[in-house]
Amino acid sequence: MKQWPVLTSYEGRSLLRVAMPLGGIGTGAVSIGGRGNLCDWEIMNRPGKDFSPWIGHENGPFFAVVSKTSDGKTHARMIEGPLDPADYEGPGGPKNQNHGLPRFDKCTFRAAYPMAQLDFESPSLPLQVSLQAYNPLIPAESDASGLPFVMLRYHVKNTSDQKQAVTVCGSLPNFIGIDGDTREINSASKIFFGGEDCKNRNEWKQSENLRGILMRSDHPDVKAEAWGTIALTTPDQATVTKRLQWAEAGKWNKPLRDFWDDLTEDGLLDDRAEDEQDRPVASLALTKEIAAGEEASFTFLLSWHFPNRYDWTPDRHRGEGAQRTWIGNYYCTQFADAWDAAAKIQPQLASLEEKTVQFVSAFTESDLPQSVKEAALYNLSTLRCQTCFRTPDGYFFGFEGSLPRSGSCYGNCTHVWNYEQATGFLFGDLSRKMRDLEFNYATDSRGMMNFRINLPLTDSLGFDKCAADGQMGCIMKLYRDWKLSGDTDYLKSVWPMAKKALEFCWISGGWDADRDGVMEGCQHNTMDVEYYGPNPQMTGWYIGALKAAGIMAEYLGETEFATECERLAENGSRWMDENLFNGSYYIQKVVSPTQPIDLCFHGDSGAQDLSDPDYQIAEGCLVDQLVGQYMAHICGLGYLHKPEYVRKTLQTIFTMNRKKTVFDHFNPMRSFVVGDENALLMAAFPEGKRPKAPFPYYAEVMTGFEYTAAVGMLYEGLEKEGMQCIDDIRNRYDGAKRSPFDETECGHHYARGMASWSAVVALTGFDYSALSKLLHISERVGTFFWSNGSAWGTYKLALCEGRFELVFEVLHGEIELKSIAIGEMIRQGAWSLSSAKPVVKIEMVRTSEDVVLTVGK
């Protein structure tokens, strides 16, 4: 059995909510549940939370193991752990699929996303069974991390004193056309359930290195979202038997009984007559002889291919004349069907697994706190479920999150995706494609950026609404991505529209019409309302955007524009400190508008009476009031405000906003924290200072905002407080109460939760410029993971008798260094590193507070 890294183990009640999504970036996913069940089938261009296809009325997809000893004794189990007692009750017994099949007594789920290892125990069996399941995840390789398959490798050890013939068999209904959604949206996305047009068929296929079953459909609606192919295959050398369909349905669950009797008789399957069932069930069985005390592996590939993705734009937001349009999937351009996907992936299996193990091991073995590693790694599942997709041209798109059967809040929503850092630091090519979309497609000739981008891209400007925080954050992300990549051609390709996006702040009636560096206009934002008057959240984003734009403009030779950006940033920073800081934190000064407001600036969910507008922050202590500073630290832009004010504000957020229990807490909206759980509230108000109608989410808790505050604390040296906040989050996502791989906000797998990656950046002090070739890390001693979106690896920093010793290693990609800084110390040199020449070793010693001496190489 190959050794895989493990970060977290779940057992007992902690298995109840575990569901690890496995699938590639933009392909959809199938989840491995806590007891080893396949669940949340989300492969047909829409989410499928709690959806699993049915076999008859009681059962669904499953794998089983059958063994026969040389003395003729047979043992059989479905390869799943026990049901949780919470599931026992129902009108016909448990509502779980496969509840009547024999199963294992105990299951342990060992996780290090995207790698799941499950150990199954039954003392009465002469076998030990385990499962390794994964899909490749390799930073800087978006294509290799975007493959439509799951590998399921079952390991069986013969614990008896006799040779055993062991069979592992997988069964799956051909459910093409059924994605869990019973709604018929229109003819182009119709869900079909059977009848004379269904014509789902299973086909046996084999090649030199692959055998298995291709599931297809002869349904005439070949443009339906749920039309495509599925394959269950094996690359193993084993005795392979199969059923292309189970026995014809009859009374009292005849097909299951017939299948189980056939399988357990001798571990081999016999086909049944082909009577053209609508949704035939396929079974694939691998049989191997295992000597006493020995073990064998049984490998299955589950692959899929569903090419018909349609645009996400709600009809009410379409531009004039725009119609619902087929947009397709990038991954489907790489393969002809699900069999072709398996056939092309099979030769790469060893390499893909090796690279994934290398990444996950490097990350999990780093000396970061457990909760930071969990938060950063497990939220990457958001990139690889139906929250995100890629179109055939390679562009990367994301909803805000996923509802059970549809995306939640479409459009690469700028004010949500601003917070996440995982894409930029792990998949720089995808991040830069998002900036291209934001500036070159979503921004109009005035510089107004649609904070939701319509599809198809011919209607990219149809939404016609802007968000102050979203637009400014995109400018900061442009700077981050340019700095990490050093790709100046990329910068030049988007700079003209990025410059317009900043200048849009200064138009008459705009966010900073008087050009004083302070946002004062009608500011639609991530709270889904508009703020009126200066506030720290929007002004912080604005100051950060000004600083970033000034650096980019100076680099491109636009000195006059750079000077103006610097002037406004300095003035805005000074004004915010002098006028919004109340001694403990920053507040909003609510100012009613005095001029007509362009429709592009506000939505339909904000205040109606602008003489005394509702839904403001006012004197509240907002959890992410320093989000601009959070982003500035990540970008290496320095302080936007007085450092002592920043630190004091974050201390106040920890003391005012943190709840140790919510038994006494009133929340009129959604509850993402319950009972005795700890969390940071979105806002806290001094006694008697809460507006009658604050912004809608003031009493809620959302992880992406919590991470923003927590990471701010880490940057300010408030590590105890910051880590407490991150611990609070991960304690809520413990497997018993919620899935560790699904942080929710407005939907499952919410994009803002990937702000968790920024804790890795903050704790290591990682700051790399591909322009100056300067690498900076903190003085934190230990072994740590690093990445810049195109390369990654580890470094080890040791402190021996006052001397820092650094070993910096590249495991993937290439990086050039001319300077390496550890804290305030810096060493000049010239290092060109790659996986072929991966290591540089240097030593530094501090001789005083102000003088740095560098020695060694």
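Residues numbered from 1 in each chain as written. Predicted model: local features only at pLDDT ≥ 70, side-chain atom pairs only at ≥ 80, totals over all residues. Heavy atoms only, no water.

**Student:** Please explain the overall build of the protein chain as it appears in this structure.
**Tutor:** From N to C terminus, the protein chain includes 16 helices and 36 strands. Taking 2.2 N^0.38 as the reference for a compact globule, 857 residues should give roughly 29 Å; the C-alpha atoms of the protein chain span a radius of gyration of 28 Å, in line with that estimate. Considered along the principal axes of its C-alpha atoms, the protein chain spans approximately 85 × 70 × 55 Å. With 857 residues in all, the protein chain has 63% of them scored as buried. Within the protein chain, contacts between residues at least 6 apart in sequence are counted, and of these 68% link residues at least 24 apart. Counting every atom, the protein chain has about 30,600 Å² of accessible surface; 48% of that belongs to carbon and sulfur. (Helix = DSSP H or I, 4+ residues; strand = E, 2+ residues; numbered from the N terminus. Rg over C-alpha atoms; globule rule 2.2 N^0.38 Å. Buried < 20%, exposed > 50% of the residue type's maximum accessible area, 1.4 Å probe, protein only. Contact = heavy atoms within 4.5 Å. Areas by Shrake-Rupley, 256 points an atom, 1.4 Å probe, with all protein chains shown as cover.)

**Student:** Just to check I follow, could you spell out the sheet that holds strand E8 (residues 115-121) for this structure?
**Tutor:** Neighbouring strands of a sheet are bound in pairs by backbone hydrogen bonds; such pairs are parallel or else antiparallel. Taken together, nine strands build an open sheet; the order of strands is E1-E7-E8-E9-E10-E17-E14-E13-E12 and the sheet is antiparallel. Looking along the sheet, the strands with just one partner apiece sit at the ends: strand E1 (8-11) and strand E12 (200-206). Across this sheet, the average inter-strand angle for adjacent strands is 15°, counted without regard to direction. Sheet strands touched by helix H4 (residues 370-378): E1 and strand E7 (106-112). Its angle to E1, the strand with the most contacts, is close to 85°. (Pairing = 2+ DSSP bridges. Axes fitted to C-alpha atoms, helices over the stretch in contact; angles between N-to-C directions.)

**Student:** For this particular structure, what's the right way to read the sheet that holds strand E29 (residues 774-777)?
**Tutor:** Within the open sheet, the four strands sit side by side as E28-E29-E33-E34. Their pairing is mixed. Every other strand in the sheet has two partners, leaving strand E28 (767-769) and strand E34 (825-834) as the edge strands with one partner each. On average, each strand axis in the sheet is inclined to that of its neighbour by 25°, with strand direction left out of account. Alignment of E28 against E29, held across three bridges, turns out to be antiparallel. By the bridge assignment for E29, Asp 767 is matched with His 776.

**Student:** Can you walk me through the nonpolar core in this structure?
**Tutor:** If you look at the biggest cluster of nonpolar residues, it comprises 254 residues, and the most contacted ones within it are Leu 502, Trp 757 and Phe 808. If you tally residues by element for this core, the top one is helix H10 (residues 536-555), at ten residues. Apart from the residues within four sequence positions on either side, Leu 502 is in contact with Met 472, Ile 475, Tyr 542, Ala 545, Leu 546, Ala 549, Phe 561 and Cys 565. Judged by nonpolar contacts, the second largest core, of 16 residues, contains Trp 246, Phe 259, Val 281 and Ala 285. (Core = buried A, V, L, I, M, F, W, Y, C linked by side-chain atoms within 4.5 Å.)

**Student:** Whenever I open this one, helix H11 (residues 559-579) confuses me. Can you help?
**Tutor:** In an α-helix, one turn spans 3.6 residues; hence positions three or four apart end up facing the same way. Across its 21 residues, H11 extends 30 Å between first and last C-alpha, which sits within 8% of the 30 Å expected from 1.5 Å per residue. Of the positions making up H11, those classed as buried are Phe 561, Ala 562, Glu 564, Cys 565, Leu 568, Ala 569, Gly 572, Ser 573, Met 576 and Asp 577. The secondary structure elements touched by the buried residues of H11 are helix H9 (488-503), H10 and helix H13 (643-657). (Expected span 1.5 Å × (residues − 1).)

**Student:** Before we go on, may I ask you to explain the pairing of strand E31 (residues 792-800) in this structure?
**Tutor:** For a regular strand, side-chain orientation follows a simple rule: the groups alternate between the two sheet faces. Bridge count for strand E30 (residues 782-787) against E31 is six bridges, and the pairing is antiparallel. From the neighbouring strand, Gly 782 faces E31, where its bridge partner is Leu 797. The antiparallel hairpin formed by E30 and E31 contains four residues in its connecting segment, where Gly 789 sits at a positive phi of about 95°. Two elements, E31 and strand E32 (residues 803-812), share nine bridges in a ladder whose sense is antiparallel. Counted as the bridge partner of Gly 793 is Val 810 from E32. Adjacent in sequence and paired antiparallel, E31 and E32 are bridged by two residues, among which Glu 801 carries a positive phi angle near 50°.

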